[in-house]
Amino acid sequence: MSIQRIKSKWAKTKIMLKSDYLRQYMPSTKLFGRGSLQGMLNQYGMVYVKPINGTFGNGVIRVERTTTPSLGYRYQLDTKIMFFPTFEQLYQKIVKQKKKRSYIVQKGIHLLRHQKRRFDIRVMVQKNLSNHWEATGIIGRLAHPAKIVTNYHSGGTPMALEKLMSDHTNHAELAAFKNRLRKLSISIANNLQTAYPNIKEIGVDIAIDATLHPWILEVNTFPDPYIFRKLPDQSIFQRIYRYAAAYGRFKKRSSRP
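In this text the structure is predicted, and so the values were computed from the model without any measurement.

Right, let's get into the overall build of the protein. Tallying secondary structure elements over the protein gives seven helices and 12 strands in all. By the compact-globule yardstick of 18 Å for 257 residues, the protein fits well, its C-alpha radius of gyration being 19 Å. Seen through its principal axes, the protein has C-alpha atoms that stretch 60 × 40 × 35 Å. Across the 257 residues of the protein, 53% fall into the buried class. Working note: accessible area of the protein is about 12,800 Å², and carbon and sulfur atoms make up 51% of it. Treating the 44 positive side-chain charges of the protein as one cloud and the 15 negative ones as another, the clouds have centres 7 Å apart.

Have a look at this one:
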């Protein structure tokens, strides 16, 4: 049986919003439109505008209200930064950029930083050899200094969470925090499985704010396992690969990875 993949961010969001437990970890998210963009900018000051079916952070736009009236709104796509004095000019720019693609608007989370660079977290969750969900890997993703996304394919740097969180938690706090992330991510997998029974793996992208509250940014049903090779502990990737091979992610081969 093939592994089920779900591209739509909006479809996955709607499923997760049905859970009282998950809802407390989800930034407000709406379908893109003039009203939703303006309302969320007025409410939160900063939002991310994302293609519903985008991958690798492609097409993600960060928009925020500035404190300088003449500048109005700040817009960033990849490394390109623009300012628009009026909301209408900003809106028309985004409409032109997105073309006919469907987008969502998500409340912006101000990410924790390491050496002045933003970072978030990827948690890998897989069906293990007993067919139960298991959080098999946690890794930090340090954003490129000039970019708004943390993805490896967009210039982000995969890095051990211990290093990224060293200025924000002590050893005991980090251990408890990682357990919290595992519980949250397994709950997401169980939740999505109710609607998509043939998923076998997910990658959960989690933002951490200044109060150390986790926020679910996105859930990927075709997560990249190879970023976990960047961790010092190679047994993490080996377990991820072993589980993935067992449920058919990779073609069988005689040699070990």
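When the charged atoms of two side chains lie near each other, side chains of opposite charge can form a pair. Applying the stated criterion to the full structure yields 13 salt bridges. A salt bridge links Asp205 to Arg122, with the nearest nitrogen and oxygen atoms 2.5 Å apart. A residue pair is termed long-range when its members are at least 10 positions apart, and Asp205 in strand β11 (residues 201-208) and Arg122 in strand β8 (residues 117-127) qualify at 83 residues. Look at the salt bridges and you will find they share partners, linking Asp120, Arg122, Arg141 and Asp205 into a network.

Within the fold, Tyr226 resides in the loop between β12 (214-220) and α7 (234-246). Since its relative accessible area comes to 35%, Tyr226 is described here as partly exposed. Distance in space between the C-alpha atoms of Tyr226 and Ile240 is 9.1 Å, their sequence separation being 14 residues. Apart from residues lying up to four places away in sequence, Tyr226 is in contact with Phe237, Tyr241 and Phe250.

Looking now at helix α3 (residues 34-44). Those residues of α3 lying buried are Ser36, Leu37, Met40 and Leu41. Within α3, the buried residues cover an arc of 125 degrees as seen down the axis, which keeps them to one side. Turned more than 90 degrees from where α3 packs its buried face, Gly35 and Gln43 sit exposed. Those residues of α3 that are buried are in contact with β1 (29-31), β2 (46-51), β3 (61-65), β4 (73-77), α4 (87-98) and β6 (103-107). Looking one or two places after α3, you find Gly45, whose phi comes out positive at around 85 degrees.

A general tendency of soluble globular proteins is for nonpolar side chains to be buried together. By size, the foremost hydrophobic cluster in this structure holds 34 residues, and its most contacted members are Ile121, Val123, Ile188 and Ile216. When contributions to this core are tallied by element, the ones reaching two or more residues are α1 (9-16), β8, β9 (133-142), α5 (161-164), α6 (171-195), β11 and β12. At seven residues, the largest contribution of residues to this core is made by α6. Ignoring any residue separated from it by four or fewer positions in sequence, one finds Ile216 in contact with Met16, Leu22, Tyr25, Met26, Pro27, Gln106, Leu184, Ile188, Val204 and Asp205. By size, the runner-up hydrophobic cluster in this structure holds 18 residues, among which are Leu37, Tyr75, Phe84 and Leu90.

Given a rise of 1.5 Å per residue, 25 residues ought to cover 36 Å, and the 37 Å separating the end C-alpha atoms of α6 matches this to within 8%. Leu174, Phe177, Lys178, Leu181, Leu184, Ser185, Ile188, Ala189, Asn191 and Leu192 are the residues of α6 that are buried. Its side-chain oxygen 3.2 Å from the backbone nitrogen of Ala172, Asn170 forms the N-cap of α6.

A few words on unusual backbone geometry. Of note, Asp78 is a non-glycine position whose phi angle comes to about 60 degrees, a positive value. Note on Asp78: relative accessible area 42%, which makes it partly exposed.

Strand pairing in a sheet takes place through backbone hydrogen bonds and is either antiparallel or parallel in direction. Strand order in this open sheet of six strands is β1-β6-β2-β3-β4-β5, and the pairing throughout is antiparallel. Because the sheet does not close on itself, it has two edges, and the strands there are β1 and β5 (80-84). Here the average twist between neighbouring strands, direction ignored, is 20 degrees. Lying on the sheet, α1 is in contact with β1, β2 and β6; it crosses β1 at an angle near 130 degrees. Docked against the sheet, α4 engages β2, β3, β4, β5 and β6, running at close to 15 degrees with respect to β4.

About the criteria used
Residues numbered from 1 in each chain as written. Predicted model: local features only at pLDDT ≥ 70, side-chain atom pairs only at ≥ 80, totals over all residues. Heavy atoms only, no water. Helix = DSSP H or I, 4+ residues; strand = E, 2+ residues; numbered from the N terminus. Rg over C-alpha atoms; globule rule 2.2 N^0.38 Å. Buried < 20%, exposed > 50% of the residue type's maximum accessible area, 1.4 Å probe, protein only. Areas by Shrake-Rupley, 256 points an atom, 1.4 Å probe, with all protein chains shown as cover. Lys, Arg positive; Asp, Glu negative; His and termini not counted. Charge placed at Lys NZ, Arg CZ, Asp CG, Glu CD. Salt bridge = Lys/Arg side-chain N within 4 Å of Asp/Glu carboxyl O. Contact = heavy atoms within 4.5 Å. Arc of directions from axis to C-beta. Core = buried A, V, L, I, M, F, W, Y, C linked by side-chain atoms within 4.5 Å. Expected span 1.5 Å × (residues − 1). Polar contact = N/O pair within 3.5 Å; in protein donor to acceptor, adjacent residues only side chain to side chain. Pairing = 2+ DSSP bridges. Axes fitted to C-alpha atoms, helices over the stretch in contact; angles between N-to-C directions.

Spatial relationships are all this shows, so hold off on functional conclusions.
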